[in-house]
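The primary structure of each chain is shown beneath.
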Amino acid sequence: MAVLQRERIEGLIDLPREAHAFFETPEKQMQMHLTVRASNNEVLHAEVYVVYHNTSRGPAKGGIRMAPNVSLAETAELAELMTWKTALVTVPFGGGKSGVCLDPLKIDRVTKDTVLREYVHLVGLELTSGAYIPAPDMATGPRDMAIIFGETHIPESVTGKPPRVGGLPGRREATGRGVATATQLACKRFLGRAPGELTVAIQGFGNVGSHAAAFLHGMGARIVAVSDIDGGVHSGDGLDVPELMRAAAAGEGVRSAGKGEEVSNAELLALEADVLIPAATGHVITGENAGGVKARLLVEGANAPTTPEADGVLAGAGVTVVPDILANAGGVIASYVEWRKAKSGSLTDAAETYEVIDSLITNAFGRVAGLTEEKGATMRDAGWALAAAEVAEAMADRGWL
Ligand code: NAD
């Protein structure tokens, strides 16, 4: 599990011993059974998990993941990541997450809407009290957040809404924007190179992967490989990113749109490229395949794509890993801007959203890279240490420690 490991942050930062008891146990774990009648008139059952890991710094924040294999353990792991992510980039939220155990490819739009309305009925009090603020994650998007808003009628109860429905211009692109910014900073600091001199391979061409590709392409980087769940496409000369974006928006696979040779998702991870960005699902880089990674820099667009065993192999091989809690924090930063906008009624444009993302990620990157260099630690361990210290301070302020 990609959760904070006590022994890896010892020596990097001083923490009260009791803090770990809070870190190792989620504050609240809810498991519910959802039943709806699908559009084909069949009764559909799904387990729903909602976990709050730590809310000392603010309400639980984290997306809703819909997938056939989500579990309470995975939801708890992702909620914990949100605790560290929000603390590291200093937005006033705690760590939360939802999992809906359903195959999104097996339900139609009408059924999905019904599932989401029933989800609100199950966790309604958490949402209307402001205790938990959901957002999109894998297989949920702005339209789904609009359904949730339609049930609660409270603009700040959910983020990632469409811009015309209380959402934020720039939220859709936000996580990809942050991934591109983190990549640019890491390339400059650790490789001494500008994005225009880079080749990049990206696994996953959904919300995060496609927008990261578009921003990096805009910075002059050569995107040499991308993939989706059906496999990928590779061209050493660089892929046509605008055409891939068009295809993804039209629901076409990257294999049919990209001009290059086909590669599998496993092969993509081992391609020749300066930067590898896993932006699909978790635990894809493992102790078994990490030795094959040829990139010098691995930027985690996805949550928890690298297992602890893989971390050890990559560190040994001199691959710098920019961890998820830093690299993909653009989404939660934009969520914070959307939540603030909903509460104040102010108007915000995409340029302002990008400015806040770039500023908070640049600030956090500087602190993490500084500790990494000072202590000879990995960026993941340095990020965990700084985030854990921030959460421990908040717990002390609340009298929990
Ligand atoms: P998405 O559903 O929009 O896209 C996922 C992409 O990955 C698609 O191209 C899909 O075909 C591909 N994919 C799915 N399963 C795969 C598999 N087993 N192997 C290879 N490819 C696979 O999801 P997203 O919102 O882009 O999220 C991607 C990752 O980024 C997740 O780990 C998510 O938790 C994380 N993340 C998302 C956000 C956000 O704002 N959307 C923020 C932070 C982190």
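Remember, predicted model here, so these are calculated numbers, not experimental data. (Residues numbered from 1 in each chain as written. Predicted model: local features only at pLDDT ≥ 70, side-chain atom pairs only at ≥ 80, totals over all residues. Heavy atoms only, no water.)

Q: Describe in detail the overall build of the protein chain, supporting the description with residues and values.
A: Helix and strand content of the protein chain: 15 helices and 13 strands. Taken over C-alpha atoms, the radius of gyration comes to 20 Å for the protein chain, in line with the 21 Å a tight globule of 401 residues would show. Seen through its principal axes, the protein chain has C-alpha atoms that stretch 55 × 50 × 40 Å. Counting all 401 residues of the protein chain, 57% fall into the buried class. (Helix = DSSP H or I, 4+ residues; strand = E, 2+ residues; numbered from the N terminus. Rg over C-alpha atoms; globule rule 2.2 N^0.38 Å. Buried < 20%, exposed > 50% of the residue type's maximum accessible area, 1.4 Å probe, protein only.)

Q: Describe the sheet that holds strand β12 (residues 297–299), with residues and values.
A: Ordered by their spatial adjacency, 7 strands build an open sheet running β10-β9-β8-β7-β11-β12-β13, and the pairing between neighbours is mixed. The open sheet terminates on both sides in strands that have one partner only, identified here as β10 (261–263) and β13 (320–322). This sheet shows a mean twist of 20° between the axes of neighbouring strands, independent of strand direction. (Pairing = 2+ DSSP bridges. Axes fitted to C-alpha atoms, helices over the stretch in contact; angles between N-to-C directions.)

Q: Can you tell me about the layout of surface pockets, naming the residues and giving the values?
A: When its volume is computed, the second largest pocket comes out at roughly 150 Å³. What lines the second largest pocket is simply F190, D311, A315, V319, T320, V321, T372, A377, T378, M379 and R380. Only α11 (308–316), β13 and α15 (379–397) provide two or more residues apiece to the lining of the second largest pocket. For the lining of the second largest pocket, the residue count by class is 6 nonpolar, 3 polar and 2 charged. (1 Å grid on protein atoms, 1.4 Å probe; cavity = no way out; pocket = protein on both sides within 12 Å on 5 of 7 lines; lining within 4 Å. Points joined across faces, edges and corners; volume = space filled by probe spheres on them. Nonpolar A, V, L, I, M, F, W, Y, C, P; charged D, E, K, R; others polar.)

Q: How would you sum up helix α14 (residues 350–375)? Please name residues and give values.
A: Between the first and last C-alpha of α14 there are 37 Å, a value that for 26 residues agrees with the 38 Å anticipated at 1.5 Å per step. Following α14 by one or two positions, G376 adopts a phi angle in the positive range, close to 65°. (Expected span 1.5 Å × (residues − 1).)

Q: Kindly report on the nonpolar core, identifying the contributing residues and their values.
A: One broad trend across soluble globular proteins is that nonpolar side chains are buried collectively. Core analysis: the biggest nonpolar cluster contains 79 residues, and W84, V200, V226, I277, V322 and I333 have the highest contact counts within it. Broken down by element, this core gets its largest block of residues, 10 residues, from α14. Split by domain, the residues of this core number at least three in each of domain 1 (26–165) and domain 2 (168–401). Here I333 is in contact with V89, V91, V356, I357, L360 and I361, once residues within four sequence places are set aside. Counting 27 residues, the second-largest nonpolar core is a separate cluster that includes M32, I64, V100 and F149. (Core = buried A, V, L, I, M, F, W, Y, C linked by side-chain atoms within 4.5 Å. Domains from an automatic or database assignment. Contact = heavy atoms within 4.5 Å.)

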